[in-house]
Each structure stands twice: as structure tokens, then as C-alpha cells.
2 protein chains.
Amino acid sequence: MPSPTSSTRSRTKNPGSQSALRHLNQQRIIDCLRSGPSTQAELARQTGLSTATVSNIVKIMQDEGTVSTEPTTSSGRRALNVRLNGNGIVAVGIDFGRRHLRVVLASLGYHVIAEESVLLPLGHHADEGIAAAVALLDRLLEQSGVQRSALVGAGVGIPGPIDRRTGTVAQGAILPEWVGINILEHLEETLKIPVFVDNDANLGALSEVTWGPHGGICNLMFLKIGSGIGAGLILNGAPYYGSVGVTGEIGHATIHEHGLVCRCGNRGCLETIASTTTMIELLSRGENYPLAPGDIVRNALAKDPATLRVVDDAGLAVGRALGNVANLINPEVIVIGGPLAVLGELLLTPVRRGLIRHAVPVIGESTTLTMSSLGERAEALGAAALVFQHAGIRAP
Amino acid sequence: MPSPTSSTRSRTKNPGSQSALRHLNQQRIIDCLRSGPSTQAELARQTGLSTATVSNIVKIMQDEGTVSTEPTTSSGRRALNVRLNGNGIVAVGIDFGRRHLRVVLASLGYHVIAEESVLLPLGHHADEGIAAAVALLDRLLEQSGVQRSALVGAGVGIPGPIDRRTGTVAQGAILPEWVGINILEHLEETLKIPVFVDNDANLGALSEVTWGPHGGICNLMFLKIGSGIGAGLILNGAPYYGSVGVTGEIGHATIHEHGLVCRCGNRGCLETIASTTTMIELLSRGENYPLAPGDIVRNALAKDPATLRVVDDAGLAVGRALGNVANLINPEVIVIGGPLAVLGELLLTPVRRGLIRHAVPVIGESTTLTMSSLGERAEALGAAALVFQHAGIRAP
């Protein structure tokens, strides 16, 4: 859905622009440095860049804390040795949900140093959520012995669209109490490190191609089915943010023209048919207390007929929407995440049936549909990956 | 829809790959050379690239015929002067339709040197179409005095999806007689120049950001409404081809689950509701002969009530499909092309109503919807642009 926004640099990269070229060149320099320290002259030789270009980029990375330099000699001449700030680089990943908060600390090599999640009260305000995140981060730093100075940035996932023109949570978020809040500014003030905010589904997509098994996939869609339904896109090998930063709103694809009224103001949206909220409403009739998403999972795995039917109907509707999406963007892989991912084939089968039914044959046959293996960690891991991406550090 | 395929080089560019970097660097060198010839050393200074990198790229461009070089001296030292083969570079654009063929010759500065279109018999075979294109090209070369040696390549537009894995026209094409044909091989054998094949809607999108008024738009969708309905995508500033090359198949978005059977084998697709074929079927009842697309235009402009109603219904359905598309990829601009584009607001108004009705508010409000100003020339001009794009020559 929304774009990652940060006050420290621009997020959209025109592929032909100077900043895109700088980004590419920086990635190549970092790739060289992963095998060990190197002189600037050696970096120029290995990358094909001029020594002036290498020197400029090294200077910028030094200012950002990504590398450190020290004078040396090479073949009797003065040279500058460049070293990646390996263990000194730690990224924070923060995932805010409707009722949970997860924080991870990740090292340069995409290793998790520390990780913890806590419950948040339903309907909590942004201030409470941010305070809880700061407290949890402090605890993780203390437990793991990581210095605050090692933090290069924090990625933050929000379950709702972010309007990149204003940097605020847009209308239609699953967290209505957060609408209009500039999370970025709030967190940067508190944490004193660069902060990158993105939508949870976008981070899910990023986590699949970095931490997950889909590295190297150029066109991937991550579909999160939860109280809302949203998708994150990796297109042509990069996260895709569209024009104003609100993308992947597949939850508001019209399925029934005159269906139920949706929270977006439209009717018959996919969310009114296939979100966990709708499934819970359908299955809670006659129960003494409303079910939780965990109950859907438990009852489906126990082969409760009504639950299986509701999951099947939801899966078919999701598949229909995915068929239309696949017709448009022809992804190589579609990954389904969210609390129902543990249902595996029980949910995948009807989704696949709907996809094949509604996609044109060549697309239906060639799209891989799979469940996320990252579970509840996908968004927080993706948030940490977002920090590395902006530092030009690719997944190993 | 499909990807441009060519036997001479790979078409997909991973943004981090060596080939993408080479492409970017080549563009920068060409940009420098537009203001006049330059030495290799000067090019290195202006681009920030190493002299070795510049030398390698110049060598490749020389082999491709894009530049020529000659020895010179600079500050008393031997140097190599590089010159863009300006007027010597001509691109051919060929647009095949169900019943027409258009060929253009375009110069480096995106000027049309010669252009002509002819009618083809309905149901013609690929061989006939290709023979007609070759004959028309020969005629244009003779009329304009352009030497065959000046041709750097031919772009070819086809009204149907192309499976990039095989380079052939895929099932579901508007030209069923062309399915399975490898147009690329046929044309390269005959023309003896590099050929790039692409879908007509993709070329429409490319023409809008090169020849048309939308240069600089990073996320644009071109929707062609004709006997079929298909879209071409420019995403993150580049043509988008997806995983197997079949994208933008919005004509097969499901609108009515149990609607009419579509030529794709599905039911209730947008094409069964809003293609010119469907409009003609609806409006030909009681007529002595079937109408042509031109009749729809003429009758709508003459305010014939039944025609206006059919156009309005088609527009609403198109708008609904566009709303779902905009929710997913959040384009900045959607351009509508094809024979009905001349209807202007008569068609745009219902499309806009459908789009606003079905898109989430922030997306509906921020998407620009407009008619193509390139008319019937869009695809052939886009085909010529495709050749320049592959030579690293951007629109002026």
C-alpha cells in the first residue's frame, strides 16, 4: 500500500536519475566491501567507476555511518582504506498491528539479534503505540547489549495506507485512531535515528524477497488477509509505491456490485466477503462471545463444517480478485500472509481455484501461489529490511 | 500486455544488474553527445564514469551503429572523437491491426520522416501482413530517400499478448490467425535489422510518455478500447512486462460472474460488455448490415439515444475495472486510446464516474483520466520509440 516516507531523503527513484545511479553504484561498492576492507583505488578497479565517483560515494556513506575509512599505503603510495561498519550496523524493525506490537533488531548480515512482541489494547492511540515501541526497543537493546550508536535506522510497519504527499496515515486505515498522524516525525523525534514508515503489506512483500525464500523474484505480490485485506508489490525487482503511495488496495476490489457496505464507503468489496472480521461475524452467530482469528484457525483445522465453508467461500473470492490482479501485472509469485496463513492448503486450494477460474489461461498456469513461511514476523522483518535497502545493503 | 522480444539482447533489466547499469551509462553518454561530438576523455569527465567504462560502451555503440569514432588530438595528446550518427539513425515503427497496417519512419529527434497506413483484409494471415509491411516500408524508403543502411531497427505492434518465453503470439489474441507465429524471426529474416515486437497497448503507453504529452510521468496506464480491451503499463518510469510478458489484460476482468461467455473462455469479462464488438452487436439489432466502429462514433456525436446509452454503459463498466486497477497500482495518469477516443467527454464522463465510484477515495481523487491525443498513430509511434529505447535514446 503506502510508500515509505522519510525526512532524510527522497524515496522515489526515477531509474534514469542521478540518485538512482548513485544508489546502484553504492550497492556495488557495498557488495565489494562485504568480502573485506578495500582501498578506494581497488574499489574503482572492481566496480568500473572512476576514482572520483568512488570517493564521493564513500564520503556520503561515511557521513551516514555505513563505512569508516583510515589512511594506509598501497604499493608505496598513500591510499584510503574503506571498511564496512559490519557489526556496528543494526537496523530496528517495528510492526504495529491493531492489537500487537513487534520489535526486532537485525544485523547487517540479516541475522536477528533480538525480537519480542507485546499485546496492545484494541483502539489504542498512536501515542500509546509509539511509547510502547520505544520502551520495547530500550528493553531489547539492554538485553542484547547492542549500543544505541549502532542503530542506523528504524523501519516501521503500519496496517493502513500512507499518503506519501503528507507522510500521514490515510483514511481507510485499519487503525482509525492513527489517521492523520505523522508517525515518522513522532518517531524520529523520539528515537533520534532515521525512520522509514511503510505499510504492513508492502513490508510483507519486502520480507519475502529478503528474509524469505523468494530472493531473486522480480515480480511478487504479498497478500495479507486479516481484519483488512491489502497487498504489497515488488515490481521489476523493487518495492512499488505508485503515484501517491497508496497501492495494493485489493481489499476494496468490487466483488458484488450491490453487496454489503464497506468501511471504505463502497459496496461489495473483497473485505466485506473475505476479511477475518467478516468470517468472525459469520461464524459468531449463535455463539455467546465473538470468535477471534485464532478460533477460525483452530476450528478449520478441526474440520468444523461451517468454518471450512466460510474459509472456502472467502478463498474463492480472494482467488477471483487475484485472478484480475494477475491479469494486470502478471506476477511470478503470489504469497499469502496474515493469521490464516497457517491453514495451508485448506485456504490455498479455494484461492487457487478462484485464481485459475478468473485469470487468462497463460497467466493462471504460470503464477505460483504459496503461503508465507515468515508468519507473524513478516512485517517486522520487512521493516528492518527497509532500513538496509535504504542504506544500499542487499540481502545476502 | 506482452513483452518486447528480440533475438539480439535480453529485454528484462533487473535494476541492479550489469546490463541495467550499462544501459543507464549508455543513456548518459548519448545525452552528452546530443550537444555535439566529444572525446572519450571529455565524456568520462562529464559522466563521472571511468575512461575504461566509457571506452567499452563506445565500442559497443559503434558496433551497433549508434556512434562513429575518429582519431583526433586534444591538448597535444592522441584522443578518440565520438560522434552520434544523428541523421543516419532511423527507426521503423510498424503497427498491425485486425484490418489495418501502419508504418512510420522516425528520426533520432523523434521526428516523423514518412508515414502511411493501408487496409488489410479481415482474417488475413501473418504472412500476408508481414509481406504488406515490407512492401509499405520499401515504398516509404523510396519516397523519403532514406537509405536502408540508416535503419537501426524496427518496432512492431501486435494486437494480442506475446508470451516472452517463446516469442510467439499467445492464445487470446485479437488476431487468431497469428497465434503461435514467431513474428520476430519472420521479420528479422526479411528486414535484416534488429526487430522488437510488443503488444499494441504497451506501445500506446510508451508513445504517450515519448511522443505524447506525458513525458516525465512515472506511472501511467494506457487503455485501448477496440475489438479487444487491453492496457499497457509504464511503472516506475519504465515499460512493465511482468513475469511471462502478458500484462494489462484488463479486458478479461470479471464484471458479471455469470455474464456472457468471452473469447478467453471465462464469463462476464469487461470485453463482453464494453468492447466495440459488443457495442456493435447491441446496436446492429434490426439494422440491415452490421455497424462499424466509425458508425458508433458518428451516431454518438449525432446524439443518437441508443448509441449514447450503449457508450454510457460501456464507460461505466470500464470505469469500474479501472477503479480496481487504480486501487492496485495507483497510476498518476490513465490515458484512453483506440477508435472511440474521439468521443471525448461522451465516453470520459461515464468512465470517470465508474472510476470514482469504485476506487478508494484518495486514489479516485488523485488519478488523472484523459483521452489519447495521438489517435490511430499511437501504436506505430510507440513501435518506433521502442527501437530508440533499446538504443538508449530518450525522447527529447
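Residues numbered from 1 in each chain as written. Chains lettered and ligands numbered in written order. Predicted model: local features only at pLDDT ≥ 70, side-chain atom pairs only at ≥ 80, totals over all residues. Heavy atoms only, no water.

Some details on the relation of the copies chain A and chain B
Two chain copies here: they are related by a rotation about an axis and a translation along the same axis.
Now for step 1: When chain A is fitted onto chain B, the two copies agree to an RMSD of 0.1 Å after a turn of 180° and an axial shift of 0.0 Å. Seen this way, the second copy is the image of the first under a two-fold rotation axis. Minimal C-alpha distance to the rotation axis in chain A is attained by S50 of chain A, lying at 2.0 Å.
Now for step 2: Mapped onto chain B, 98% of the interface residues of chain A again fall at the interface, so both copies present the same surface. (Least-squares fit on C-alpha atoms with pLDDT ≥ 70 in both. Contact = heavy atoms within 4.5 Å.)

Here we look at the interface of chain A and chain B
Now for step 1: At the interface, 54 residues of chain A touch 55 residues of chain B.
Now for step 2: Of the roughly 4600 Å² buried between chain A and chain B on both sides combined, carbon and sulfur atoms contribute 52%.
Now for step 3: Summed over the three residues of chain A that lose the most area to chain B, namely N236, Y240 and L328 of chain A, the buried surface amounts to 14% of that side.
Now for step 4: Run the count over chain A and chain B and you get four salt bridges.
Now for step 5: In this structure, R357 of chain B and E257 of chain A form a salt bridge, with 3.2 Å as the shortest nitrogen-oxygen distance.
Now for step 6: In this structure, the connection of chain A to chain B is made through 36 residue pairs in polar contact (both at pLDDT 80 or more).
Now for step 7: Residue contributions to the side of chain A that touches chain B peak at six residues, all from helix α10 (residues 305-329) of chain A. (Buried area = accessible area lost by both parts, 1.4 Å probe. Salt bridge = Lys/Arg side-chain N within 4 Å of Asp/Glu carboxyl O. Polar contact = N/O pair within 3.5 Å; in protein donor to acceptor, adjacent residues only side chain to side chain. Helix = DSSP H or I, 4+ residues; strand = E, 2+ residues; numbered from the N terminus.)

Brief notes about the environment of F222 of chain B
Residues and elements named next belong to chain B.
Now for step 1: By the secondary structure assignment, F222 is in strand β11 (residues 220-225).
Now for step 2: Residue classification places F222 among the buried residues on the basis of a relative accessible area of 1%.
Now for step 3: Separated by 14 residues in sequence, F222 and E208 have C-alpha atoms that sit 8.0 Å apart.
Now for step 4: Among residues more than four places away in sequence, those in contact with F222 are A201, G204, A205, E208, G230, A231, G232, V335, G337, S372, A378 and E379. (Buried < 20%, exposed > 50% of the residue type's maximum accessible area, 1.4 Å probe, protein only.)

Quick word on helix α6 (residues 200-210) of chain A
Since the α-helix turns once every 3.6 residues, residues separated by three or four places project in the same direction.
Now for step 1: By the criterion of burial, α6 of chain A is predominantly enclosed, with 11 of the 11 residues buried.
Now for step 2: Taking the backbone nitrogen of A201 of chain A as reference, a side-chain oxygen 2.8 Å away marks N199 of chain A as the first, capping residue of α6 of chain A.

Examining the side chain of H252 of chain B
Now for step 1: With respect to the helices and strands, H252 of chain B occurs in the loop between β13 (238-239) and α7 (271-274).
Now for step 2: Classification of H252 of chain B by relative accessible area gives buried; the value is 3%.
Now for step 3: Apart from the residues within four sequence positions on either side, H252 of chain B is in contact with N324, N327, H358 and V360 of chain A together with C262, R263, C264, C269 and E271 of chain B.

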